[in-house]
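Single-letter residue listing:
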Amino acid sequence: MATVATVVMMLSISADVFYRVFYRKSLAGLLEISETALVAAVFLGMAYTALTNSHVSVDLLTVRVKPKLARIFVLISWILVVVIVGWMVYATVLRAMHSTEEGEVRMGLIAWPLYPTRWIIVVGLVTMLIVALANVYRLVRGKPVFGDVPFEKQDPDLLYAKAGGYDDGFESTEATTTTTGEGAKS
């Protein structure tokens, strides 16, 4: 759905640009469609990104510790995600219910209803919460998070080297001796 929303956003912005070039004014409603599609692209894409373990992450600490401790760090981070996203779900449900009751609209070239967009945010956050809860469950059961390789199966030499622990392949600064010609050293 996030991909569809991105395509809708791209098409509506392109149509508005072409219309402005030829008619010197905007098409009514295309800005609002683009804004709604942007919200859908972001919030409906969050759970998929978590499911494929594609969110931006920093492994500065987890690559330097043993797999068991790294799993604990990752578990703590996913528990924090559950708490924060759970709070966000609660807050956005209340806001979406209020917006629906009030019939909230955005005034622009046309009156655009905002409450459907608020419910899109709720759906995106609920699916993200489900993925976060599933990742906590998986980590507690000794499995990797969705889209990841188990800590125990990761090559520790490769991880340690990525963290800067091994020689990076460049020659050392030690002087080397070579022979030229008939055994002379240089």
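Quick note: structure is the one above.
Residues numbered from 1 in each chain as written. Predicted model: local features only at pLDDT ≥ 70, side-chain atom pairs only at ≥ 80, totals over all residues. Heavy atoms only, no water.

Thoughts on the nonpolar core
Side chains that are nonpolar tend, in soluble globular proteins, to be buried together.
Step number 1: W78, V85, L125, M128 and L139 are the most contacted members of the largest nonpolar core, which has 19 residues in total.
Step number 2: Those elements that provide at least two residues to this core are α2 (30-51), α3 (67-102) and α4 (115-140).
Step number 3: No other element matches α4, which puts eight residues into this core.
Step number 4: Apart from residues lying up to four places away in sequence, M128 is in contact with M46, A47, A50, H55, W78, V81 and V85.
Step number 5: Within the second largest apolar cluster, five residues are counted, among which are M9, A37, A40 and A41. (Core = buried A, V, L, I, M, F, W, Y, C linked by side-chain atoms within 4.5 Å. Buried < 20%, exposed > 50% of the residue type's maximum accessible area, 1.4 Å probe, protein only. Helix = DSSP H or I, 4+ residues; strand = E, 2+ residues; numbered from the N terminus. Contact = heavy atoms within 4.5 Å.)

Section: the packing of helix α1 (residues 2-23) against α2
Step number 1: Running from N to C, α1 and α2 cross one another at 160°; their axes reach a closest spacing of 8 Å. By the angle between their axes, α1 is roughly antiparallel relative to α2. Of the two elements, α1 crosses α2, and the hand of that crossing is left-handed. Listed contacts from α2 to A2, A5, T6, V8, M9, S12, I13, A15 and D16 of α1 are L30, I33, S34, A37, L38, A40, A41, L44 and G45.
Step number 2: A breakdown of the residues in the contact of α1 with α2 according to their chemical character gives 13 nonpolar, four polar and one charged. (Axes fitted to C-alpha atoms, helices over the stretch in contact; angles between N-to-C directions. Parallel < 35°, antiparallel > 145°, perpendicular 65-115°, else oblique. Left-handed = near helix turned anticlockwise from the far one by under 90°. Nonpolar A, V, L, I, M, F, W, Y, C, P; charged D, E, K, R; others polar.)

Looking at the side chain of T117
Step number 1: Summarising the element assignment, T117 is placed in helix α4.
Step number 2: In this structure T117 comes out as buried when scored by relative accessible area, which is 9%.
Step number 3: What T117 contacts, discounting residues up to four positions off in sequence, is T36 and V39.

Topic: the pattern of salt bridges
Step number 1: The tally for this structure, following the rule as stated, stands at five salt bridges.
Step number 2: Across the pair D16 and R20 runs a salt bridge whose closest N-O atoms are separated by 3.3 Å. In this pair, D16 and R20 are both assigned in helix α1, four residues apart and thus about one turn of the helix distant.
Step number 3: D16 sits in the buried class, given a relative accessible area of 11%.
Step number 4: For E32, the salt bridge identified is with R106, shortest N-O distance 3.2 Å. Here E32, found in helix α2, pairs with R106, found in strand β1 (residues 105-107); they are 74 residues apart in sequence, far enough to count as distant. (Salt bridge = Lys/Arg side-chain N within 4 Å of Asp/Glu carboxyl O.)

Observations regarding α4
Step number 1: An ideal rise of 1.5 Å per residue puts 38 Å on 26 residues; α4 measures up with 37 Å between its terminal C-alpha atoms.
Step number 2: Buried within α4 we find T117, I121, V122, G124, L125, M128, L129, V131, A132, N135, V136 and L139.
Step number 3: Contact partners of the buried residues in α4: α2, α3 and β2 (111-113).
Step number 4: Where α4 terminates, the next one or two residues include G142, which has phi positive at roughly 90°. (Expected span 1.5 Å × (residues − 1).)

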